[in-house]
Amino acid sequence: MYPENIITKFQEQFSKEASLVVRAPGRINLIGEHTDYNDGFVLPAAIDKAIYFAISPREDENCYVYAYDLKSSDTFSISTIQKSDKSWANYLIGVVDELQKSEQKIKGFDLVFGGDIPLGAGVSSSAAVETGLAFALNQLYDLGLETMQMVKIGKAAENNFVGVNCGIMDQFASMFGKKDAVIRLDCRSLEYQHFPLSLPNHTVILCNSGVKHSLGDSEYNTRRLECEEGLSILSGIYPNVKSFRDLTLTMVEEAKTSLSENVYKRCVYVVGEIDRVIVACEALERNDLATFGKKMYETHDGLQHNYAVSCEELDFLVDETREDDAVVGSRMMGGGFGGCSINIVEKSKAEAFLNRIKKAYQAKYQKDLVTYAVALTNGTEII
Ligand code: GLA
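Model, not experiment: these values are computed from the prediction.

(A) Geometry of the sheet that holds strand β10 (residues 327-332). Taken in spatial order, the four strands make up an open sheet running β10-β11-β9-β12, and their pairing is antiparallel. Taken across any chain shown, the strands that pair with only one partner, and hence form the sheet edges, are β10 and β12 (370-373). The average undirected angle you get between the axes of adjacent strands in this sheet is 20°. Bridge count for β10 against strand β11 (residues 340-346) is five bridges, and the pairing is antiparallel. Across the sheet, residue S330 finds its bridge partner in β11, namely N343. Contacts from helix α9 (residues 289-306) reach β9 (202-208), β10 and β11, with the element oriented near 25° to β10. Seen against the sheet, helix α10 (residues 312-322) touches β9, β10 and β11 and runs at an angle of roughly 170° to β10.

(B) Main features of the site of the ligand. The environment of the ligand is made up of 13 residues, and the closest members are E33, H34, D36, D170 and Y220. Between the ligand and R27, the relevant distance is 3.1 Å, taken from an oxygen atom to a side-chain nitrogen or oxygen of the residue. Residue G335 places a main-chain N or O atom 3.3 Å away from an oxygen atom belonging to the ligand. For the ligand, the protein covers 97% of the area, taking 300 Å² as the surface of the free molecule. Split by residue class, the shell around the ligand holds five nonpolar, four polar and four charged.

(C) Structural context of the pairing of β11. Burial of β11 is extensive: six of the seven residues sit out of reach of the surface. As judged from the seven bridges shared by β9 and β11, these two strands associate in the antiparallel manner. Following the sheet pairing, N208 is matched in β11 by C340.

Quick notes on the rules
Numbers given for residues are sequential positions, taken from 1 along each chain in its written order. For this predicted model, a pLDDT threshold of at least 70 governs which residues receive local features, and a threshold of 80 or more governs which side-chain atom pairs are given and counted, while totals over whole chains, interfaces and linings are taken from all residues. Note that the side-chain values use all heavy atoms of the structure and ignore hydrogens as well as water. Two strands are said to pair when DSSP picks up at least two bridges between them. Counting from the N terminus, the helices are DSSP H or I runs at least four residues long and the strands are E runs at least two residues long. For helices, the fitted axis covers only the stretch in contact; all axes are lines through C-alpha atoms, and the angles between them, taken along N-to-C directions, range from 0 to 180 degrees. Only heavy atoms matter for contacts: two residues are in contact if any of them lie within 4.5 Å across the pair. What makes a residue near a molecule or strand is one non-hydrogen atom of that residue sitting within 4 Å of it. N or O atoms closer than or at 3.5 Å make up a polar contact, with two conditions inside protein: a donor-capable atom paired with an acceptor-capable one, and, for residues adjacent in sequence, both atoms drawn from side chains. In these tables, accessible area is a Shrake-Rupley quantity obtained with a 1.4 Å probe, and a residue counts as shielded only by the protein chains included in the view. Residue classes follow a fixed rule: Ala, Val, Leu, Ile, Met, Phe, Trp, Tyr, Cys and Pro count as nonpolar, while Asp, Glu, Lys and Arg count as charged, and any other residue, Gly among them, counts as polar. Partly exposed residues are those whose accessible area sits between 20% and 50% of the maximum for their type, while under 20% is buried and over 50% is exposed, using a 1.4 Å probe and protein chains only.

What follows is the structure, encoded as structure tokens:
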């Protein structure tokens, strides 16, 4: 059981007690997909699946790290930063690199980490590794970093070292999560607001397609480039447009002939999604789940047809819910190309829904559908 196994492994591995144990959660996102790097809004929350870190400082510059779930170890020095051939270690080395680039004084460390966030499932295990280490080193070496600075360090590690040009949502949610609350983040101003998600009769269920996405290998970076291209053309046409926030669908329509077909579709999706999050948040505030759910389906349709980041299995999972009155809303979640769908399901009908969708998935893909009912938790913290 986590985190006891991580703590025990640390003792075995290093013959001493860990000086600090940190929990860094994964995240869900209710709505607002691929909007974070487009100056839009997102609505994520930290969940009860996490990566745990047992860590101690060292007097020298060496880092001895052990990935519990992969049963794999690595060693590196903070004075000679270079890529490891173990891909998991690069998330850690990237954080060390970014801390040093921002002139934070650290030394080496002994670390065992691992947890129950499913890998490649779109629930941000990588962000949790980054934020968890940034948080732990901030504590160990008394760096005095603010939470948002640690978020930015985690994101920069992913962008610059791992090479995925992700936005800020995942690291933000992993750090700023709050029990039973979702967070509306304005990714342009970085202003945010927690609000309680009170769903007395509903539950949030993730259905894991089992298709492993790997954002690094995927079209994620291409989507970013397509958005940049779209914005640059549109701001040439409309001089007041500085970001996707300044655009309306009518403006995109009117400029259609200046955009390639793909870039046009990406822009339609992004502008629509920024608006959908605003409408969906208003609906949630008045407890209008029906409207919220409708917006989730619209998001899925946009991600499937215009943004082209879904996959057959995710489309199947969402389609299976469309006629089921137990399900308020469903859509693929996260970067895409695999991973989970997120579903808001009526509690009293959840069991029947799960039985049915698992059977349907098995019949269609001869695969067990793994599902998780998630609870919303605090962000990265010492335990
Ligand atoms: C991944 C990225 C995030 C965000 C989502 C899509 O999870 O890490 O920054 O762009 O995809 O919303």
